[in-house]
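Given next are the chains, with one letter for each unit.
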Amino acid sequence: MCSSDLAQAMAPGEVAFSVTGIRATLGGFGRLGGDFGFKRAGNDLTVVASNAYALVTAGTVEVGVTDASLALLLPASGGLVFQASGTPQLTLPSVFSGIRVDKVTVMYNNTSVAREGLTLEVGDLRAPLNVQANTIAVTVTGFEAVITDFVRVRGNLALQKQNDAIAVVGSGIEALLTAGEFQAGITGGNLGLLLQSSGGVILQASGTPVLRLPGALAEVSMQQITVYYNSTDLAVKQSITVGSLTAPIDVPGSTIAVVVKGFQAVIGGSVRLSGDFGFQKRGGDLSVVVAGAKASLKVGSFEVGVRDASVGALIKSDGTLALQVSGTPFLETGADFPSLLKFSVTEVVVAYNSTGIARNETLTAGSLTVPLVVARGGASDPFFSVSASAR
């Protein structure tokens, strides 16, 4: 018997029956269960449940509520509408830690009619029903978690089962990479996240830039900051939509980085750095690995430096910094330089170190590896060098 036939068979307002321990699977969404009471209301069937659960699953990933109250409506015209709220249940991939949420609500409406501001009652059971038309989502308010000791993510999320993954769109998002008092990331932003049934996690977040760096880097400016995370080997490029929220995901495989687009800063009071810089967490410090950057020293019309440069930098949690820049050298003498002096540059290396020890190491981000080889320098007497080989 279908829901409309069942509703027609009941007298208006009659409590038809109650069932303890119902379990059901809703195709393409998840599973429901609990102690259900049924009542006909007009031509519709009203259902209220206690001790309920409503869970969306993809592999080992599970999001929803337990110990919940659930309101469910089976309209005579067909379709299904329900809302469940209770104890948050989030089983996320192991890369998430420190998970905290304020509230989780599960909503489902496969009809074109919104059901707003309702309270369904069956006997002593009461539960709210407030679901927009054509809505299938889990909303998570006050979400907070750390991803692989990389970034701390805070904000409100909307989740939906899509194919073999749980798609997540976030609003009011804060995603920050922190080392001591130094930070790189975004606030007040949007987030797109895929939780794959295989355990893969792919994330992209963008918003108002947050960048707090050591005082050795002055005149800092940027165009945009984006947080990227991809625990799989495959690049992912798609748009995620949950309800009225849409967010892009365009992340290369095996990527963990906060990318600062259009970064500019002055180091040592004279050398200007520019390019798209990628920040990562390394223990309690921040590491920077960049390709395609520029570093130059300019006096009047004379300018010497490197283009298409690789940058390796380590920002310690105590505020000290080690940096090395090397790449394709260039020299621009300009009209102010004596015309009789003609020479070309074969190599330029910019180095800075205030960490207190010499550095001889390799920094890696994804497939990019750059050296960090700089002489010792301290916080009060930093090592700073712009060396050029000319002929």
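None of these values were measured; they are calculated from a predicted model.

## A look at the overall build of the chain
The secondary structure content of the chain amounts to one helix and 27 strands. A compact globule built from 391 residues would reach a C-alpha radius of gyration of about 21 Å, whereas the chain, at 29 Å, exceeds it by more than 25%. Seen through its C-alpha atoms, the chain measures out along the principal axes to roughly 105 × 40 × 30 Å. Taking all 391 residues of the chain together, 47% fall into the buried category. In the chain, the 25 positive side-chain charges and the 28 negative ones have mean positions that sit 4 Å from each other.

## Examining the pattern of salt bridges
Tallying each qualifying case throughout the model produces 14 salt bridges. For R31, the salt bridge is made with E62, and the minimal N-O distance between the two is 2.6 Å. Remark: E62 occurs in strand β4 (residues 61-74) and R31 occurs in strand β2 (residues 30-41); sequence separation between them is 31 residues. The class of R31 is partly exposed, set by a relative accessible area of 33%.

## Re the nonpolar core
Formed by 86 residues in total, the largest nonpolar core has its most connected members in F82 and F279. For F279, the residues in contact, after removing those within four places along its chain, are F150, L177, A184, L211, L213, A257, V258, V260, L286, S287, V288 and I315. In terms of nonpolar packing, the next biggest core, distinct from the first, is built from 14 residues, A137, L194, A247 and V251 among them.

## Observations regarding unusual backbone geometry
You will see that N163, though not glycine, has its phi angle at about 55 degrees, which is positive. Looking at where N163 falls in the secondary structure, it is placed in the loop between β11 (151-162) and β12 (165-179). In the Ramachandran plot, D308 falls in the positive-phi region, its phi being about 45 degrees despite a non-glycine side chain. Structurally, D308 can be placed in strand β22 (residues 302-315).

## Quick look at the side chain of E303
Locating E303 in the fold gives a position in strand β22. A polar contact is formed between the side chain of E303 and the side chain of S296, at a distance of 2.8 Å. The contact partners of E303, leaving out residues within four places of it in the chain, are K294, S296, L297, K298, F330, L331 and E332.

## Regarding the side chain of R40
Structurally, R40 is set in strand β2. On the accessibility criterion, R40 (9% relative accessible area) is buried. Reaching out from R40, the side chain makes a polar contact with the backbone oxygen of G42 at a distance of 2.5 Å.

## Some words on the packing of aromatic side chains
Note on aromatic pairs: each is described by the distance of the centres and the angle between the planes. According to the stated counting rule, one finds eight aromatic pairs in the structure shown. Here the aromatic rings of F29 and F82 are separated by 5.9 Å at their centres, their planes lie at 80 degrees, and the arrangement is edge-to-face. With F29 in the loop between β1 (15-26) and β2 and F82 in strand β5 (residues 81-91), this pair connects stretches of sequence that are 53 residues apart. F82 carries the same exposure label as F29, and that label is buried. Taken together through their ring pairs, the aromatic side chains of F29, F82 and Y108 make up a single cluster. One cation-aromatic arrangement involves R307 over F330; the distance from NZ or CZ to the ring centre is 3.9 Å.

## Some points on the confidence of the model for the chain
The pLDDT averaged across the chain works out to 89; a share of 92% of its residues lies at or above 70. The model gives residues 1-11 a pLDDT under 50, and that stretch makes 16 contacts with residues more than four places away or in other chains.

## Points about the environment of G117
For G117, the location among the structural elements is in strand β8 (residues 115-122). Sequence separation between G117 and L129 is 12 residues; the distance between their C-alpha atoms is 6.4 Å. Beyond its immediate sequence surroundings of up to four residues, G117 is in contact with L129 and N130.

## What to know about the environment of L194
Looking at the element boundaries, L194 is found in strand β13 (residues 182-196). Taking the relative accessible area as the measure of exposure, L194 reaches 8% and is therefore buried. Along the primary structure L194 and I249 are separated by 55 residues, whereas in three dimensions their C-alpha atoms are 8.7 Å apart. Those residues in contact with L194 that lie beyond four places of it in its chain are A165, I166, A167, G200, V201, I202, V236, Q238, I240 and I249.

Rules used in this analysis
Residues numbered from 1 in each chain as written. Predicted model: local features only at pLDDT ≥ 70, side-chain atom pairs only at ≥ 80, totals over all residues. Heavy atoms only, no water. Helix = DSSP H or I, 4+ residues; strand = E, 2+ residues; numbered from the N terminus. Rg over C-alpha atoms; globule rule 2.2 N^0.38 Å. Buried < 20%, exposed > 50% of the residue type's maximum accessible area, 1.4 Å probe, protein only. Lys, Arg positive; Asp, Glu negative; His and termini not counted. Charge placed at Lys NZ, Arg CZ, Asp CG, Glu CD. Salt bridge = Lys/Arg side-chain N within 4 Å of Asp/Glu carboxyl O. Core = buried A, V, L, I, M, F, W, Y, C linked by side-chain atoms within 4.5 Å. Contact = heavy atoms within 4.5 Å. Polar contact = N/O pair within 3.5 Å; in protein donor to acceptor, adjacent residues only side chain to side chain. Phe/Tyr/Trp six-rings, centres within 6.5 Å; stacked < 30°, edge-to-face > 60°. Lys NZ or Arg CZ within 6 Å of the ring centre and 35° of its normal. pLDDT = per-residue confidence, 0-100.

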